[in-house]
Amino acid sequence: MIFEASEFVFKAPLAVSKARRVLIKPCACYPLSYPVTTSRDILSAVIEGIRQVSDADILLLESTPSGSPVSPIYQALGYNFPRVLTLDVNDCVWMEVDNPLPKPLTIATFWVPNVILSSDYLITVAPLKVLQGRGSLSIMNLLTVLPSSKYGGKTGRGWEDLYKLGIDKVVTDLYFTLPFDLGIIEARQKFVSRDDPTRGEVEECGKVFIGEPYQVDCEASETLGLKTGYLDLIKEARIGFEN
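Computed from a predicted model, the values in this text were never measured in an experiment.

1. Notes on helix α2 (residues 40-53)
- With 14 residues, α2 ought to run about 20 Å at 1.5 Å a step, and its terminal C-alpha atoms sit 21 Å apart, in line with that.
- Among the residues making up α2, those that are buried are Ile42, Leu43, Val46, Ile47, Gly49 and Ile50. All buried residues of α2 fall inside an arc of 155 degrees around its axis, so they share one side. Exposed residues on α2 whose side chains face more than 90 degrees from its buried face are Asp41 and Gln52.

2. Let's talk about the pairing of strand β2 (residues 21-26)
- For β2, the tally of buried residues reaches five of six residues, placing the bulk of the element in the interior.
- Relative to strand β3 (residues 57-62), β2 is paired through four bridges, and the arrangement is parallel. Pairing of Ile24 across the sheet is with Leu60, part of β3.
- Assessed by its sense of winding, the connection that carries the chain from β2 through α2 to β3 is right-handed.
- The sheet contact formed by β2 and strand β7 (residues 121-131) spans five bridges and is parallel. In the sheet register, Lys25 faces β7, and the bridge partner there is Thr124.

3. Looking at a nonpolar patch on the surface
- On the surface, a cluster of nonpolar side chains totalling about 270 Å² of accessible area is made up of Val93, Met95 and Leu117.
- As for its placement among the helices and strands, Met95 is situated in strand β5 (residues 94-98).
- We classify Met95 as partly exposed; its relative accessible area is 40%.

4. Observations regarding unusual backbone geometry
- Of note, the bond from Tyr34 into Pro35 is cis; its omega dihedral lies within 30 degrees of zero at 15 degrees.
- Relative to the helices and strands, Pro35 resides in the loop between β2 and α2.
- With a phi close to 60 degrees, Arg83 is a non-glycine residue in the positive phi region.
- Of note, Arg83 is situated in the loop between α3 (71-76) and β4 (84-88).
- With relative accessibility at 58%, the residue Arg83 sits in the exposed group.

5. Some thoughts on the pairing of β4
- Summarising the sheet, β3 and β4 pair through five bridges and their orientation is parallel. Bridging from a neighbouring strand, Leu61 pairs with Leu87 of β4.

6. Focus on the packing of aromatic side chains
- With the rule as written, the count across this model stands at five aromatic pairs.
- Ring centres 5.9 Å apart and planes at 35 degrees place the aromatic pair Tyr74 and Tyr79 in the tilted group.
- Looking at Tyr79, the relative accessible area reads 5%, which means it is buried.
- Taken together, the ring pairs connect Tyr74, Tyr79 and Phe81 into an aromatic cluster.
- In this arrangement the basic side chain of Lys150 is found over the ring face of Trp111, its NZ or CZ atom lying 4.3 Å from the centre.

Calculation criteria
Residues numbered from 1 in each chain as written. Predicted model: local features only at pLDDT ≥ 70, side-chain atom pairs only at ≥ 80, totals over all residues. Heavy atoms only, no water. Helix = DSSP H or I, 4+ residues; strand = E, 2+ residues; numbered from the N terminus. Expected span 1.5 Å × (residues − 1). Buried < 20%, exposed > 50% of the residue type's maximum accessible area, 1.4 Å probe, protein only. Arc of directions from axis to C-beta. Pairing = 2+ DSSP bridges. Right-handed = clockwise from strand over helix to strand, strands pointing away. Patch = residues over 30% accessible without salt bridge, like charges linked within 9 Å, V, L, I, M, F, W, Y side chains within 5 Å. Areas by Shrake-Rupley, 256 points an atom, 1.4 Å probe, with all protein chains shown as cover. Salt bridge = Lys/Arg side-chain N within 4 Å of Asp/Glu carboxyl O. Phe/Tyr/Trp six-rings, centres within 6.5 Å; stacked < 30°, edge-to-face > 60°. Lys NZ or Arg CZ within 6 Å of the ring centre and 35° of its normal.

Here is the structure:
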């Protein structure tokens with residue numbers, strides 16, 4: 001679904017009303033405001049929508065490329081919501097999870113925070129970004145639930161090993177391994193960056209996209225004319241997976 005950003009109100013799906021724990025994955029790798037990161041405003045709208053139908057525990061989960069604590073970033077971005085627990089991927093217990101695809105594109109198992117597996121409803125909330133000419137949307141936002149210390153290569157910074165494997169293939173495998181329930185793309189603005197993910201140009205869009213992560217990324221890509229490589233790979237993999 002596509003909303004005008006000025007009219008967006010988050011109405012929680014029925015499944016949220018039955019959840020005991022809801023996990024929200026924002027984009028909050030850097031202490032920089034929207035559109036580099038997920039805005040406090042849209043997180044507030046999502047949390048308020050959840051509270052309308054449920055008293056479930058609400059968790060925020062994120063990590064940083066350097067592996068440094070994410071707590072100061074949460075504070076800088078104003079993520080100080082009442083009765084919401086903010087978590088750092090690197091402080092969690094990690095578990096090895098099998099990729100359910102019969103033929104994984106790159107990775108047969110992922111190390112992921114156990115809190116994801118113990119949550120009843122998973123939401124990814126991402127700003128609209130174009131990085132190095134490619135769309136980075138709700139599914140790409142899942143990359144930072146993976147501990148950078150496990151996938152950072154020799155430098156131990158970022159997700160170097162995963163990028164070497166081909167990040168579109170990795171994200172495709174991750175999509176099937178961690179089936180998030182809902183994707184929200186905050187497209188009030190579009191952030192376009194060539195090399196530095198913290199610097200770029202900003203264009204006005206005035207939209208919010210919401211839906212199942214694959215479907216919402218497809219809708220945003222088609223509507224805005226974005227090149228989003230992992231979507232074609234997911235489409236191909238889904239055919240074999242569903243059969």
